[in-house]
Amino acid sequence: AQSVTQLDSHVSVSEGTPVLLRCNYSSSYSPSLFWYVQHPNKGLQLLLKYTSAATLVKGINGFEAEFKKSETSFHLTKPSAHMSDAAEYFCVVRRSNTGNQFYFGTGTSLTVIP
Amino acid sequence: KAGVTQTPRYLIKTRGQQVTLSCSPISGHRSVSWYQQTPGQGLQFLFEYFSETQRNKGNFPGRFSGRQFSNSRSEMNVSTLELGDSALYLCASSWGTSQETQYFGPGTRLLVL
């Protein structure tokens, strides 16, 4: 079965410093992995996705993630945090090879300190 | 292109009542999935519909049901509401093939009193 573990429930960074949100996955086959962001009282927005093409995936708003099979990780990074990045971030794995059942991590709340 | 729309956006019900939530997917999308988001349980998958058929189902009691119409619009029904059903219900749509992105609507916030 597929699952994801987000290693930090809260992360605080200063504006202009790098962001690292950690995610480990468990999958019995090559997974489809996603990062979504949720701003307060808003729906979920796709940041980026990995579907077995390039291991370094670039997303919107300067975010990127690297798929590391040897470490079963899919960490999200951004070189320089902006105040508008403050939100809840979810690492997501597609649950099965058929259909669209997503398994969500527990989320990481990112705080950006001015 | 219009995004996923959900109606109503907010709803207040009392225990024992039933509720129906609606989701209109992005034009052309044939897959609609429903998720429940609560502070305690996080985001949990309810079910997915594709071409009017339920394709996947999560671990929720039978009080939670859904359906999809020929135009891909979907409804979710919860009968005999319980306090614990208070949550944000999110709908997501996609084309329905594998390795796809799901696009989420803004959600319906349900409060059960």
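About the cut-offs
- Residues numbered from 1 in each chain as written.
- Chains lettered and ligands numbered in written order.
- Predicted model: local features only at pLDDT ≥ 70, side-chain atom pairs only at ≥ 80, totals over all residues.
- Heavy atoms only, no water.
- Disulfide = S-S within 2.5 Å.
- Helix = DSSP H or I, 4+ residues; strand = E, 2+ residues; numbered from the N terminus.
- Buried < 20%, exposed > 50% of the residue type's maximum accessible area, 1.4 Å probe, protein only.
- pLDDT = per-residue confidence, 0-100.
- Pairing = 2+ DSSP bridges.
- Axes fitted to C-alpha atoms, helices over the stretch in contact; angles between N-to-C directions.
- Salt bridge = Lys/Arg side-chain N within 4 Å of Asp/Glu carboxyl O.

(A) Examining the state of the cysteines more closely. All names here are of chain A. Using the criterion set out here, one finds two disulfides over all chains in the structure. Across a sulfur-sulfur distance of 2.0 Å, Cys-23 and Cys-91 are joined as a disulfide pair. Across the disulfide from Cys-23 to Cys-91, rotation about the S-S bond amounts to roughly -65 degrees, and the bridge is consequently left-handed. With Cys-23 in strand β4 (residues 23-26) and Cys-91 in strand β10 (residues 87-94), this pair connects stretches of sequence that are 68 residues apart. For the pair Cys-23 and Cys-91, a shared accessibility class is recorded, and that class is buried.

(B) Representation of the confidence of the model for chain A in the model. Within chain A, residue pLDDT values average 91, and 96% of them lie at 70 or more. The secondary-structure element of chain A with the lowest mean pLDDT is strand β11 (residues 102-104) of chain A, recorded at 89, while strand β3 (residues 19-21) of chain A shows the highest, at 98.

(C) Seen up close, the sheet that holds strand β8 (residues 74-78) of chain B. Residues and elements named next belong to chain B. Across the sheet, which stays open at both edges, the four strands sit in the order β1-β3-β8-β7 with antiparallel pairing between neighbours. Taken across any chain shown, the strands that pair with only one partner, and hence form the sheet edges, are β1 (5-7) and β7 (64-68). Here the strands of the sheet are splayed against their neighbours by 20 degrees on average, with no regard to which way each runs. Where β7 lies against β8, five bridges are found, and the strand directions are antiparallel. Counted as the bridge partner of Gln-68 is Ser-74 from β8.

(D) Region of the structure containing the pattern of salt bridges. Residues and elements named next belong to chain B. Taken as a whole, this structure holds eight salt bridges over all chains when the rule is applied. Residue Glu-48 pairs with Arg-55 through a salt bridge whose shortest N-O separation is 2.7 Å. Classification of Glu-48 as buried rests on a relative accessible area of 0%. A salt bridge links Glu-75 to Arg-67; the nearest nitrogen and oxygen atoms lie 3.2 Å apart. The structure contains a network of salt bridges with shared partners spanning Arg-63, Glu-82 and Asp-85.

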